[in-house]
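Residue-level structure breakdown
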Amino acid sequence: MQQVRREGSSLLPSVRLAQCILETGGVIHPWYNLGGIKVGGGTPNPYWHGEAVVRGTWEVVDGTQVSMNSAFRVYNSVYHFMKDQDLLFATNRYIRVRAAITPEQQANMLYVSGYATDPAYPNKLITLINQYMLKQYDHAFASSPATSMFRTSQMVPILVDGLVASVGHYDAGTTWVAARALGESLGAVIGWTGGKVTVNGQALDSRLDISTGYVAVRDLAAALNRKAVWEQATQTVTLAAADLP
């Protein structure tokens, strides 16, 4: 959520969070489709590779709720889903969603633009936004992490278990990550000795920037018995188990 907002997503975080809660019941399924995006007539792209899962659902047809099975898109991560959804919202069909400036307007324009067939869809989103006070997130994700050394570097989402666990910085062929924030979230013990970051006691080549120690994401992964998998099409790194292909 934070990273796609930084990358210019037109959907307000409050609306996206409400939509994810409504569409999934608050459960992140293994196919990471948090917005109920169907396969439809779309073609594969860098974020959706063509995979699908068939699940029961319902639509409102001529005022009547009709149960059916539909094919839904399968994603490699929540980040992939949100980026694919943003491609959908960039089309002419959703120009009114992009033009909306309040959560209430966006919720209504999603229905008007045909994202959902349920006439109650906008009110359901607005109710969730108010219930969970989601508007607080609409201004929380605009800034980038503080850094001086990497301020001109490309930001790279670091994906763990389908979620963006951190944001790395690509510099001179290496993706550098804040060792403590990412490492501790993965259960590692992070230290500092002799001018180097230590991960579970192992010293790694390091850079220090604004009191933060950075290490190469591949080195951090190896120290945690994981591997860093670079996906060129989406410019992301996934930290996977070492024995996965």
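**Some words on the environment of Leu 204**
- Here Leu 204 is to be found in strand β8 (residues 202–204).
- Separated by 12 residues in the primary sequence, Leu 204 and Trp 192 have C-alpha atoms spaced 9.7 Å apart.
- Those residues in contact with Leu 204 that sit more than four places away from it in its chain are Lys 196, Val 197, Val 199, Val 215, Asp 219 and Leu 220.

**Details of the pattern of salt bridges**
- This model, assessed by the stated rule, comprises 9 salt bridges.
- Linking Lys 124 and Asp 118 is a salt bridge whose minimum nitrogen-to-oxygen distance equals 2.7 Å.
- For Asp 118, a relative accessible area of 12% puts it in the buried group.
- Of the charged contacts in the structure, one is a salt bridge between Arg 207 and Asp 171, with a shortest N-O distance of 2.9 Å. Residue Arg 207 is located in strand β9 (residues 206–209), and its partner Asp 171 is located in strand β4 (residues 163–171); the two are separated by 36 residues in the primary sequence.
- Since its relative accessible area comes to 26%, Asp 171 is described here as partly exposed.

**Focus: the packing of helix α2 (residues 13–24) against helix α3 (residues 78–89)**
- Contact pair α2 / α3: the axes reach a minimum separation of 13 Å and the direction vectors enclose 115°. Relative to α3, the element α2 lies roughly perpendicular. Between α2 and α3 the crossing geometry is right-handed. Judged by residue contacts, Arg 16, Gln 19 and Cys 20 of α2 engage Phe 81, Met 82, Gln 85 and Asp 86 from α3.
- Looking at the contact of α2 with α3 residue by residue, the classes come out as 3 nonpolar, 2 polar and 2 charged.

Calculation notes
- Residues numbered from 1 in each chain as written.
- Predicted model: local features only at pLDDT ≥ 70, side-chain atom pairs only at ≥ 80, totals over all residues.
- Heavy atoms only, no water.
- Helix = DSSP H or I, 4+ residues; strand = E, 2+ residues; numbered from the N terminus.
- Contact = heavy atoms within 4.5 Å.
- Salt bridge = Lys/Arg side-chain N within 4 Å of Asp/Glu carboxyl O.
- Buried < 20%, exposed > 50% of the residue type's maximum accessible area, 1.4 Å probe, protein only.
- Axes fitted to C-alpha atoms, helices over the stretch in contact; angles between N-to-C directions.
- Parallel < 35°, antiparallel > 145°, perpendicular 65-115°, else oblique.
- Left-handed = near helix turned anticlockwise from the far one by under 90°.
- Nonpolar A, V, L, I, M, F, W, Y, C, P; charged D, E, K, R; others polar.

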